[in-house]
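# Results of the structural survey
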Amino acid sequence: MTVVRKNILVAGANGQLGNELQLLFDHYPGFEFFPADVDVLDLTDQTKTKAFVAKNRIDYIVNCAAYTAVDKAEDEPERCYEINKDAVAYLAEAARGKAKIIHISTDYVFDGTNTIPYKETDQTNPPSVYGKSKKEGEEILFSIHPESIVIRTAWLYSSFGNNFVRTMIRLGNEKTELNVVADQKGTPTCAADLAKAILDIIVHAEENKTFPAGIYHYSNEGETTWYGFAKEIFRLTGINCRINPIATAQYPTKASRPMYSVLDKTKIKQTFRIDIANWEDSLKKCIDKSIKTN
Ligand SMILES: NC(=O)c1ccc[n+]([C@@H]2O[C@H](COP(=O)([O-])OP(=O)(O)OC[C@H]3O[C@@H](n4cnc5c(N)ncnc54)[C@H](OP(=O)(O)O)[C@@H]3O)[C@@H](O)[C@H]2O)c1
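Everything quoted here is computed from the prediction, not taken from an experiment.

The next subject is the pairing of strand 1 (residues 6-11). Burial within strand 1 is extensive, with 5 of its 6 residues counted as buried. Handedness of the β-α-β unit built from strand 1, helix 1 (residues 16-24) and strand 2 (residues 31-36) comes out right-handed. Here strand 1 runs beside strand 3 (residues 60-63); their pairing, made up of 4 bridges, is parallel. Residue pairing across strands places Ala11 opposite Asn63, the latter belonging to strand 3.

Written out as structure tokens, the structure is:
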């Protein structure tokens with residue numbers, strides 16, 4: 001019997017999550033991967049996006065591409081919407097009838113007024129341009145291509161690109177003292193864990209011949225504050241830098257962030273039989289594996 005390999009487009013392949021997905025390709029031999037970032041496939045080019053999906057007979061699209069500069073987005077909303085909403089629509093149109101989409105979204109679609117973990121069915125109310133553009137990206141995706149999965153994640157870090165872990169390690173090595181916000185609660189997410197979960201979802205879909213479309217939440221388990229996160233980073237790396245807990249009001253940013261954005265992961269765990277590691281364990285693994293040595 002000939003086994004037909006499925007083709008997976010990873011859009012935004014040079015970002016944090018895209019790079020972590022690329023590291024896993026060899027572990028998923030049943031698939032042919034097509035990693036593409038803006039230099040290979042600019043998703044804001046509708047014609048090229050359509051042609052790419054058709055020419056390469058793409059079966060699954062993992063969309064990691066996004067405009068992720070949360071504060072800058074307040075000053076250039078058009079560019080942010082172009083990538084986080086319009087490009088998602090082009091991708092959805094290109095995929096309709098051909099490919100299934102796993103699209104990545106964010107905890108910033110919530111306003112942060114909850115006191116218990118956010119479920120997929122909870123009301124969204126993004127307080128920032130970035131959050132609004134991502135929410136509208138989710139909506140336009142489902143309106144054009146309902147056979148899609150949206151995974152909302154949070155506080156993503158990896159050994160690639162700009163993220164809180166790398167910034168703290170850099171600043172901790174440069175300074176003797178740092179102020180870190182201690183009143184915003186959430187859960188750090190190791191991008192390598194999310195990348196594996198995404199590919200396991202595709203394997204699950206292939207094995208079960210089902211693609212349960214809808215919104216899912218994924219982060220690591222547990223919760224902390226940016227202050228707690230920074231303390232753990234310094235403990236694990238042995239960086240000797242004093243951290244002072246401060247309030248959000250003492251660290252004004254252009255875009256406002258949700259004060260609470262812990263995600264409820266029950267649905268993704270039950271649907272796809274996924275185990276999720278605690279954030280401290282994943283942070284230790286990530287730091288031991290790569291961040292320390294980069
Ligand atoms: N980072 C977080 O803390 C966080 C939290 C929650 C959710 N998320 C979501 O998780 C996903 C992955 O985030 P990430 O941190 O991996 O993002 P990232 O590191 O910023 O990567 C995004 C990638 O998309 C590329 N891109 C931008 N415009 C594009 C276009 N027009 N066509 C093709 N590619 C384009 C970027 O290229 P350039 O660098 O050249 O622009 C970049 O390589 C995103 O959907 C994000 O919204 C992230």
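The next point concerns the site of the ligand. Around the ligand lies a shell of 26 residues, among which Gly12, Gly15, Gln16, Ala65 and Ala66 are the nearest. Among the secondary structure elements, those contributing two or more residues to the shell around the ligand are helix 1, helix 3 (77-95) and strand 4 (100-106). Taken together, the residues of the shell around the ligand break down into 13 nonpolar, 9 polar and 4 charged.

It is worth spelling out helix 5 (residues 164-174) at this point. Taken together, the buried positions of helix 5 are occupied by Val165, Met168, Ile169 and Gly172. Along the axis of helix 5, the buried residues cluster in a sector spanning 100 degrees; they form a single face. Across helix 5 from its buried face, at more than 90 degrees, point the exposed residues Arg170 and Glu174. Buried positions along helix 5 lie against strand 6 (156-157), strand 7 (177-181) and helix 7 (226-237).

Here we come to the sheet that holds strand 10 (residues 214-217). Strand order in this open sheet of 6 strands is 2-1-3-4-5-10, and the pairing throughout is parallel. Two strands in the sheet have a free side with no partner beyond their single neighbour: strand 2 and strand 10. Adjacent strand axes in the sheet meet at a mean angle of 20 degrees when their direction is disregarded. Pairing of strand 5 (residues 148-153) with strand 10, which is carried by 4 bridges, proceeds in the parallel orientation. The residue bridging Arg152 from the neighbouring strand is His217, located in strand 10.

Relative to the assigned elements, Glu174 resides in helix 5. Expressed as a C-alpha distance, the spacing of Glu174 and Cys241, which sit 67 residues apart in the sequence, is 8.9 Å.

Bringing the packing of helix 5 against helix 7 into the picture now. Packing of helix 5 against helix 7 brings their axes to within 10 Å, and their N-to-C directions diverge by 60 degrees. Like other packed secondary-structure pairs, helix 5 and helix 7 cross with a definite hand, here right-handed. In this structure, helix 5 contributes Phe164, Val165, Met168, Ile169 and Gly172 to the contact, and helix 7 contributes Phe229, Ala230, Ile233, Phe234 and Thr237. Looking at the contact of helix 5 with helix 7 residue by residue, the classes come out as 8 nonpolar, 2 polar and no charged.

Reading guide: rules and limits
- Note on numbering: residues in each chain are counted from 1, in written sequence order.
- Only residues with pLDDT of at least 70 get local features here, since the model is predicted, and only at 80 or more are side-chain atom pairs given and counted; chain-wide, interface and lining totals rely on the full set of residues.
- Each residue is classed by its C-beta neighbour count within 10 Å, where at least 20 other C-beta atoms makes it buried, 12 or fewer makes it exposed, and intermediate counts make it partly exposed; the C-beta atoms are placed from backbone geometry.
- Each helix is a run of DSSP H or I of at least 4 residues and each strand a run of E of at least 2, with the numbering of both proceeding from the N terminus.
- Here is how to tell: hold the view so the strands point away, follow the path from the first strand over the helix to the second, and if it runs clockwise the crossover is right-handed.
- DSSP calls a pair of strands paired once it identifies at least 2 bridges connecting them.
- As a rule, any residue with its backbone-derived C-beta atom within 6 Å of a molecule or strand is reported as near that molecule or strand.
- Each residue receives one of three labels: charged for Asp, Glu, Lys and Arg, nonpolar for Ala, Val, Leu, Ile, Met, Phe, Trp, Tyr, Cys and Pro, and polar for the others, Gly being one of them.
- Working definition: the arc comes from the directions between the helix axis and the C-beta atoms, pointing outward to the latter.
- In this description, any two residues whose backbone-derived C-beta atoms lie within 7 Å of each other are considered to be in contact.
- Axis lines are fitted to C-alpha atoms, over the contacting stretch for helices. Their N-to-C directions set the angle, which ranges from 0 to 180 degrees.
- Two helices crossing with the near one rotated counterclockwise from the far one by less than a right angle form a left-handed crossing, whereas a clockwise rotation gives a right-handed crossing.

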